[in-house]
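Understanding the architecture of this molecule
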Amino acid sequence: MEILEIRTLRGPNYWSGYWKKLIIMRLDIGAYEDMPTDKIEGFYGRMNDVIPSLLTHGCSYQEEGGFLRRVQEGTWAGHVIEHFALELQTLAGMDTGYGRTRETDTRGIYNVVFSYYEDQVGQFAGRAAVKLFTDLAEGIALDEIKTGIAEDIQRMREIREVVRFGPSTGAIIDEAVSRNIPYIRLNDQSLVQLGYGVYQKRIQATTTANTNMIAVDIAGNKHATKTLLGDMGVPVPKGFRIREEEELESTLERIGYPIVIKPLDGNHGKGATVGVHSLEDARVAFAKAREYGRWVIVEKQLTGADFRALVVNNRLIAVAERVPAHVIGNGKSTVQELIDETNADPRRGYGHENVLTEIDVDGQTLRCIRHAGYEIDSVLPEGETLLLKTTANISTGGTAIDRTDELHPENVFLFERIARIIGLDVAGIDIIAPNVSQPLHETGGGIIEVNAAPGFRMHLSPSEGIGRNVAEHVLDMLFPAGADARIPIFAITGTNGKTTTTRLIAHVLKGSGRTVGFTTTDGTYIQNQQIVQGDNTGPVSAQLVLKDPTVEVAVLETARGGIIRSGLGFDYCDIGVVTNIDSDHLGLKDVNTLEDLARVKSVVPRAVGRRGYAVLNAEDELVYKMRDLVDGKVVCFSMDENHPNIRRRAERGRVSCVFENGFVTILKGKWKVRVEKVANIPLTYGGRAEFMIQNVLAATLACFVHGISIEDIRVGLTTFNAGTAQTPGRLNFVEVGSVTVLMDYAHNPSGFRGLISFVNKLPNKYRTVVLNGTGDRRDDDIREMGLIAGENFDRIVIRRGNYLRGRTPEAMVELLQEGIAKSDSNAQVRVIPESREAIGHAIKNGRKGELVVTLADRVPDDIKYVQEMRDRILEEQQQQADAADRV
């Protein structure tokens, strides 16, 4: 058994209409293709022994025990591995329930699909599931298998703790998602963008786009914080800042015990020690604090409980009492046994997986135990409380009690005033006081710290009291009522015409005053500036646009490859355009038929939001059928206003865009709104390029339903030229000496035939084509490119091309020549591998008035070669003219 490939999907995809986060594992089950589970001796019983919880899997029977029944009846390895991967994640605390397994056209090879919470955990679970299946099937000892499962589960928990968002960041994101605010993770830590484009706000944990960095510096310097607060009349403990251990003894004499020692610029309790009662302990605490900074704070320890007040946007939101990790003796159990019993509480888990964290016995714990006069194996007297940590952090096993409803109004005023004094938008204020139900000035309480980026966990899920949705107040601050978080997203897919339609839509939107980011097969652009060069039609490029803080509208060409590889780069779009479905890229990634390809492309209209529009080609039945998958509204375009699908929609009062009587026309029911004469739209070359008219219809309709005015659409259509600047590689004409060069990106038979339809309307008597194939096409598709060339050109120059994608140059040339031979033409054929030389040969040997068509391979390179040759010929002509003048 072999894992051939593992892919991670993170957005809308063609496997599921609901689940966006999926692992796709392509699996060759080898000999197990002939060994379903009922043929593997002892498999069912051994499986039940090691993972009895599989009983809960309903599978296709949709009832408890359904999956077990399937295994008894006999099912294949891929299906079993799918369930194993899901259950292993569940056992690791990540209960995610979607899976499906599908056999491919290749015998024994399956696509195993299952959902995940964290992608690295999901991939690990897939590999672990494969090993578990083979171990069970091959008779590995059950004890060994059980040990391996336990290790895998722990490893998944560890991976999750490394890669997941922390509780605070996670709470903010959950709240954002509940408000339909999208997010993008910007690094592998907690830097997150909320919202898209110009409306985005960034957070890093609980530091936000509104956080004042001067305030963060003040809060990070405990001495500066205490001085500033003290000067403003806030009760703070007496203390000093020291740098050398030699200063410690004299400082202790000035303050008196008990004391707290902590780093000057520490946070989250790191390096802090409380309850110091001796010089010896003070030296140990000093050394610990110095691990986190050069300066150390030594201050009087206030008496009372430890409280944390959370202030967001200058409003008191929650208060929690924090209790350090501890155990209470029963007169029978050792300290270690009490810790184990405490950790058995189902509310405790590894890291941040549960409400409480397991208590870890580390050096600090052992010091606390010994300081109290015990050892780890000592029996603690009944009723005695033993503190196991010096700080009350939840992440080290502490507990929290919500005290928000007990807060005295004077303390509310004090805490909100403190946040304003420091200047923090999100402030965690640490208080030591007997209680918070009385004013601090009456109880002798004081403020010991103010924290930037305070943790939310103690407020979200206290061990006692009411949980507080503190994240909602952060979102209220960042996105007040009525504030936008999303920019409009146009997604364009189809077989041919995607790039031109994308560029035309972007041009119209720019002309209407929007700042547009758009992605195409030749690059990513912000307004007119190319940011990245190359094929940028996948989710990574889409997110580049959505992350740009200047972009007001995103127009995203969305190709088959990116959808299959990772899904879409956004959660939903406002406009989804499908131009057509035709034969291209078939035979790749299990997409073997036009119906398969349509299912992939249908991801775009399925991703249209409820208030959005799917713009569909009414003449293409595979595209038109996608209307049933759309949650939003459907509008259609057609070259024929009398097409049955258009007529039916018109009768129902629906909006369409058609080509009629030489006009691009919007149909609103049966009413016509003529936008512009096709003859006045440069992209269509006076209406001769019919495939370009189709692109114009799609773009016009997309802009119209988005609310762009007819006037702005008309201006956009009439100012968009088919030149190398605005549409590189799409019907680009360049005059080179006595030859006319036409560069086009036609890279599949359908696109090539559309180009030929246009070329046949041109007056050129002679024709040459510079031809190359693309490696990730079927042999017959490459042959058909040769056939079309042979049927329509006098001379053919075959070049190697840059996208062999696993094929040899010789194999590519052979397939093209086979296609040319089928045409029974008398075309002259030459093979010139290098692109520059191939184009140069075609132009230099061109007859007067000849049309040289290059099927653009690397568009920028072809444009460069042709323009260089044009400029060189012009320069030579000028030199000859100058020489003649001198004579």
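Residues numbered from 1 in each chain as written. Predicted model: local features only at pLDDT ≥ 70, side-chain atom pairs only at ≥ 80, totals over all residues. Heavy atoms only, no water.

Moving on, we get to the overall build of the protein chain. In terms of regular secondary structure, the protein chain is built from 30 helices and 38 strands. Along the longest, intermediate and shortest principal axes, the C-alpha atoms of the protein chain span 105 × 75 × 65 Å. Residues counted as buried form 54% of the 887 residues belonging to the protein chain. Sequence separation of at least 24 residues holds for 68% of the intrachain contacts in the protein chain that already meet a minimum separation of 6. Total accessible area on the protein chain is roughly 37500 Å²; 46% of this is exposed by carbon and sulfur atoms. Here the protein chain carries 103 positive and 119 negative side-chain charges, and the mean point of each set is 6 Å from the other. (Helix = DSSP H or I, 4+ residues; strand = E, 2+ residues; numbered from the N terminus. Buried < 20%, exposed > 50% of the residue type's maximum accessible area, 1.4 Å probe, protein only. Contact = heavy atoms within 4.5 Å. Areas by Shrake-Rupley, 256 points an atom, 1.4 Å probe, with all protein chains shown as cover. Lys, Arg positive; Asp, Glu negative; His and termini not counted. Charge placed at Lys NZ, Arg CZ, Asp CG, Glu CD.)

Our next topic: helix H18 (residues 539-547). Considered for burial, the residues of H18 that qualify are Pro 539, Ser 541, Ala 542, Val 545 and Leu 546. Projection of H18 onto a plane perpendicular to its axis shows the buried side chains occupying an angular sector of 160°, all on one side. (Arc of directions from axis to C-beta.)

The subject of this paragraph is the state of the cysteines. This model, assessed by the stated rule, comprises zero disulfides. With no disulfide of its own, Cys 573 has Cys 703 as its nearest cysteine by sulfur position, at a separation of 14 Å. Cys 657 supplies the cysteine sulfur nearest to Cys 636, a cysteine that is in no disulfide, at a spacing of 11 Å. On the basis of relative accessibility, which here comes to 0%, the residue Cys 636 falls in the buried class. (Disulfide = S-S within 2.5 Å.)

Along the chain, Tyr 257 connects to Pro 258 via a cis peptide bond; the corresponding omega equals -10°. By the secondary structure assignment, Pro 258 is in the loop between helix H9 (248-255) and strand S10 (259-263). A positive phi angle, close to 55°, is found at Gln 527, a residue other than glycine. Relative to the elements of secondary structure, Gln 527 occurs in the loop between strand S24 (523-526) and strand S25 (529-533). Phi angles above zero are rare outside glycine, and Leu 731 is one such case at about 50°. Mapped onto the elements of the fold, Leu 731 is located in the loop between helix H25 (710-718) and strand S33 (732-736).

The end-to-end C-alpha distance of helix H4 (residues 119-137) is 27 Å, a good match for the 27 Å that 19 residues give at a rise of 1.5 Å each. Taken across its 19 residues, H4 has 14 buried, putting it largely inside the fold. (Expected span 1.5 Å × (residues − 1).)

Moving on, we come to the sheet that holds strand S3 (residues 99-103). Spatial strand order, S1-S2-S4-S3: four strands in an open sheet with antiparallel pairing. Edge positions in the sheet fall to strand S1 (2-9) and S3, since each has one partner strand and no second. Ignoring strand direction, the axes of neighbouring strands in this sheet form an average angle of 15°. In this structure, S3 lies alongside strand S4 (residues 109-115), joined through five bridges in antiparallel fashion. Across the sheet, the residue bridging to Arg 102 is Asn 111, located in S4. The sheet strands contacting helix H3 (residues 77-91) are strand S2 (22-28), S3 and S4, and the helix crosses S4 at an angle near 20°. (Pairing = 2+ DSSP bridges. Axes fitted to C-alpha atoms, helices over the stretch in contact; angles between N-to-C directions.)

A separate point is the environment of Asp 360. Tracing the chain through its elements places Asp 360 in the loop between strand S17 (356-357) and helix H12 (363-371). C-alpha of Asp 360 to C-alpha of Asn 760: the two residues are 400 residues apart in sequence and 79 Å apart in space. In contact with Asp 360, other than residues within four places in its own chain, are Thr 365 and Lys 389.

A separate point is the side chain of Arg 7. Checked against the element boundaries, Arg 7 lands in strand S1. Reaching out from Arg 7, the side chain makes a polar contact with the side chain of Glu 5 at a distance of 3.2 Å. Contacts of Arg 7, omitting those with residues within four sequence positions, involve Tyr 14, Trp 15, Leu 22, Ile 23, Ile 24, Ile 564, Arg 565 and Lys 589. (Polar contact = N/O pair within 3.5 Å; in protein donor to acceptor, adjacent residues only side chain to side chain.)

The next thing to look at is the pattern of salt bridges. In a structure, side chains of opposite charge can pair up when their charged atoms sit close to one another. Counted by the stated rule, this structure contains 51 salt bridges. Salt-bridge contacts for Glu 299 lead to Lys 226; the nearest nitrogen and oxygen are separated by 3.3 Å. With Glu 299 in strand S12 (residues 296-300) and Lys 226 in helix H8 (residues 222-231), this pair connects stretches of sequence that are 73 residues apart. Just as Glu 299 is buried, Lys 226 falls in that class too. (Salt bridge = Lys/Arg side-chain N within 4 Å of Asp/Glu carboxyl O.)

Here we take up the packing of aromatic side chains. With the rule as written, the count across this model stands at eleven aromatic pairs. Seen in terms of ring centroids, Phe 43 and Phe 133 are 5.1 Å apart; in terms of plane orientation they differ by 50°. Their pairing is tilted. Residue Phe 43 is located in helix H1 (residues 43-50), and its partner Phe 133 is located in helix H4; the two are separated by 90 residues in the primary sequence. For Phe 43, a relative accessible area of 0% puts it in the buried group. In this structure Phe 133 comes out as buried when scored by relative accessible area, which is 0%. Seen in terms of ring centroids, Phe 165 and Tyr 183 are 6.3 Å apart; in terms of plane orientation they differ by 70°. Their pairing is edge-to-face. Here Tyr 183 lies in strand S5 (residues 183-185) and Phe 165 lies in the loop between helix H5 (142-163) and helix H6 (167-178), a separation of 18 residues in the sequence. The exposure class of Phe 165 is buried, given its relative accessible area of 16%. Every member of this aromatic cluster is reached through a ring pair, and the members are Tyr 18, Trp 19 and Tyr 98. Positioned above the aromatic ring of Tyr 61 is the side chain of Arg 69, whose terminal nitrogen or guanidinium carbon lies 3.9 Å from the ring centre. (Phe/Tyr/Trp six-rings, centres within 6.5 Å; stacked < 30°, edge-to-face > 60°. Lys NZ or Arg CZ within 6 Å of the ring centre and 35° of its normal.)

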